[in-house]
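# Observations on chain architecture
Okay, here's what each chain looks like letter by letter:
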Amino acid sequence: MENEKHGYAVAAFVFLLLYGGIFSLLVLLFGWYDSFGMGEVLALGYLLLPAVSGLFLMLRKPRIAAVLMTLVLVLTLVQEIPEILRYLEPNGYLATFDEATGYTEYIPRQFAVLPILSILAALSFAGALYLRGRPALVLAVLAAVAELVYMVLQIMSMAYVTGHPTPLNVMFSFNYAMGAIFAGLYLFSLGGNNKTTGG
């Protein structure tokens, strides 16, 4: 397609690979988990699948990319819906508890918006991949904004626990947001033409 900007798809793949793909591969290669329970499998899938989705986007197969990001949405729902309930406990999210002293630390209930933003980002990103043209770009930008707001609020919430955010807190969200934006730009360049949207 004449107006297709394939470089955007390549950039989306690179950022999504940086988001969680490389980290997941390092975990698998070096066995950083002592055991692989359901929680670890879900966490790795949550990080690795966007990179695989970006790969198929780069290969001009956005339909497959959309299905993979839909799986990410499902994993996000599985992880985040229980988190919403934990934030909505009467005292907020129980973050730390010291059995010896009885000391507890709660994250305030208003931070229940964090898992909601995570779901919104995944939902918007997956939705964008099913579309073309301006609607796809709008949803992709919404996914990026939701993820960046999530990043800021997550760092704020950490003040109630450790107070020491790490570069990873910024890196993951930034790369996810940039991956969403470049995916949106690529889908925008496709417009309503389906010739390059195989898969």
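Cut-off values and rules
- The residue numbering used here restarts from 1 in each chain and proceeds along that chain's sequence as written.
- Confidence filtering applies because this is a predicted model: local features only for residues at pLDDT of at least 70, side-chain atom pairs given and counted only at 80 or more, and all residues used for totals across whole chains, interfaces and linings.
- As a convention, hydrogens and water are excluded, and side-chain values are obtained from all of the structure's heavy atoms.
- Helical segments are the DSSP runs of H or I of at least four residues, strand segments are the runs of E of at least two, and each set is numbered from the N terminus.
- Relative accessible area decides the class of each residue, using a 1.4 Å probe on protein chains only: under 20% of the type maximum gives buried, over 50% gives exposed, and in between gives partly exposed.
- What qualifies as a polar contact is a pair of N or O atoms within 3.5 Å, subject to a donor-acceptor requirement within protein and to the restriction that residues adjacent in sequence count only when both atoms come from side chains.
- In what follows, residue pairs with any heavy atoms lying within 4.5 Å of each other are defined as contacts.
- Residues enter a nonpolar core if they are buried and are Ala, Val, Leu, Ile, Met, Phe, Trp, Tyr or Cys, with the set joined through side-chain atoms within 4.5 Å.
- Salt bridge, as used here, is a side-chain nitrogen of Lys or Arg placed within 4 Å of a carboxyl oxygen of Asp or Glu.
- Axes here mean lines fitted to C-alpha atoms, for a helix over just the part in contact, with angles spanning 0 to 180 degrees between N-to-C directions.
- Orientation is classified from the angle alone, with under 35 degrees giving roughly parallel, over 145 giving roughly antiparallel, 65 to 115 giving roughly perpendicular, and any other angle giving oblique.
- Gly is put with the polar residues, along with every residue not named as nonpolar or charged; the nonpolar set is Ala, Val, Leu, Ile, Met, Phe, Trp, Tyr, Cys and Pro, and the charged set is Asp, Glu, Lys and Arg.

## Here we look at unusual backbone geometry
- Backbone geometry at Arg 60 places phi at a positive 65°, although glycine is not the residue there.
- As for its placement among the helices and strands, Arg 60 is situated in the loop between helix 2 (38–58) and helix 3 (62–87).
- For Arg 60, a relative accessible area of 36% gives the class partly exposed.

## Thoughts on the side chain of Ser 157
- With respect to the element layout, Ser 157 can be found in helix 5 (residues 133–158).
- The exposure class assigned to Ser 157 is buried, which follows from its relative accessible area of 5%.
- From its side chain, Ser 157 meets the backbone oxygen of Gln 154 in a polar contact 2.7 Å long.
- Residues within four places of Ser 157 in sequence aside, it is in contact with Ile 107, Phe 111 and Leu 114.

## Focus on the environment of Val 10
- Inspection of the secondary structure assignment puts Val 10 in helix 1 (residues 6–30).
- Along the sequence, Val 10 and Gly 54 sit 44 residues apart, while their C-alpha atoms lie 7.9 Å from each other.

## Some thoughts on the nonpolar core
- Counting residues in hydrophobic clusters, the biggest one holds 45 residues, and the most contacted among them are Leu 57, Met 69, Tyr 87, Phe 125, Leu 129, Tyr 176 and Leu 187.
- Taken together, the elements giving at least two residues each to this core come down to helix 1, helix 2, helix 3, helix 4 (113–129), helix 5 and helix 6 (167–190).
- Residue contributions to this core peak at 9 residues, all from helix 6.
- Non-local contacts of Tyr 176, meaning those with residues more than four positions away in its chain, are made with Leu 16, Tyr 19, Met 69, Ala 121, Ala 122, Phe 125 and Glu 147.

## Re the pattern of salt bridges
- In the structure shown here, the tally under the stated rule is 1 salt bridge.
- For Glu 83, the salt bridge identified is with Arg 86, shortest N-O distance 3.5 Å. In this pair, Glu 83 and Arg 86 are both assigned in helix 3, 3 residues apart and thus about one turn of the helix distant.
- Using a relative accessible area of 40% as the deciding quantity, one classes Arg 86 as partly exposed.

## What to know about the packing of helix 5 against helix 6
- Two elements in contact, helix 5 and helix 6, have axes separated by 7 Å at closest approach and are oriented at 175°. In this view, helix 5 runs roughly antiparallel relative to helix 6, as classed from their interaxial angle.
- Split by residue class, the contact of helix 5 with helix 6 holds 19 nonpolar, 5 polar and 2 charged.

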